[in-house]
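So the chains spell out like this:
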Amino acid sequence: MATGTGRTRTAICLMYRLIQAGRFRRVLFLVDRSALGNQTDDALGDIRLEQHKTFKEIHDVKVLKDIEPERDTRFQTTGGTQLMLDAQL
């Protein structure tokens, strides 16, 4: 998809529906640059879903700086480099 066509919005809506349907408990959103992680974090707080609530208002969200998810975390954004470092620990 081209720039500006709503890839992030589409991905967030799809993840929301899969979690709500019980198909998945958690989503790991892997990004290759921190700028994309920050963009995703912003979108999770901007895009309105059901009852005019954002994904962040409905579910617990962890972003790049959050190392370890909590039990009720439904969405975690991380970078490929960070995953490799965590696996080595």
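To be clear, the structure that these remarks concern was listed above.
The rules behind each value
- Residues numbered from 1 in each chain as written.
- Predicted model: local features only at pLDDT ≥ 70, side-chain atom pairs only at ≥ 80, totals over all residues.
- Heavy atoms only, no water.
- Helix = DSSP H or I, 4+ residues; strand = E, 2+ residues; numbered from the N terminus.
- Expected span 1.5 Å × (residues − 1).
- Buried < 20%, exposed > 50% of the residue type's maximum accessible area, 1.4 Å probe, protein only.
- Arc of directions from axis to C-beta.
- Contact = heavy atoms within 4.5 Å.
- Polar contact = N/O pair within 3.5 Å; in protein donor to acceptor, adjacent residues only side chain to side chain.

(A) Layout of helix α2 (residues 34–46). Relative to the 18 Å expected for 13 residues at 1.5 Å per residue, α2 spans 18 Å between its end C-alpha atoms, a close match to the ideal helical length. Those residues of α2 lying buried are G37, T40, D41, A43 and L44. End-on view of α2: buried residues confined to an arc of 165 degrees, all on one side of the axis. Exposed side chains of α2 directed beyond 90 degrees from the buried face belong to A35 and D46. Against α1 (7–20), β1 (27–31), α3 (55–58), β2 (60–62) and β3 (73–79) lie the buried residues of α2.

(B) Local environment of the environment of H59. Of note, H59 is situated in the loop between α3 and β2. As for H59 and T73, which are separated by 14 residues in sequence, their C-alpha atoms are 7.1 Å apart. In contact with H59, not counting residues within four places along its chain, are Y16, I19, Q20 and R74. At a separation of 3.0 Å, a polar atom in the side chain of H59 contacts the side chain of Q20.

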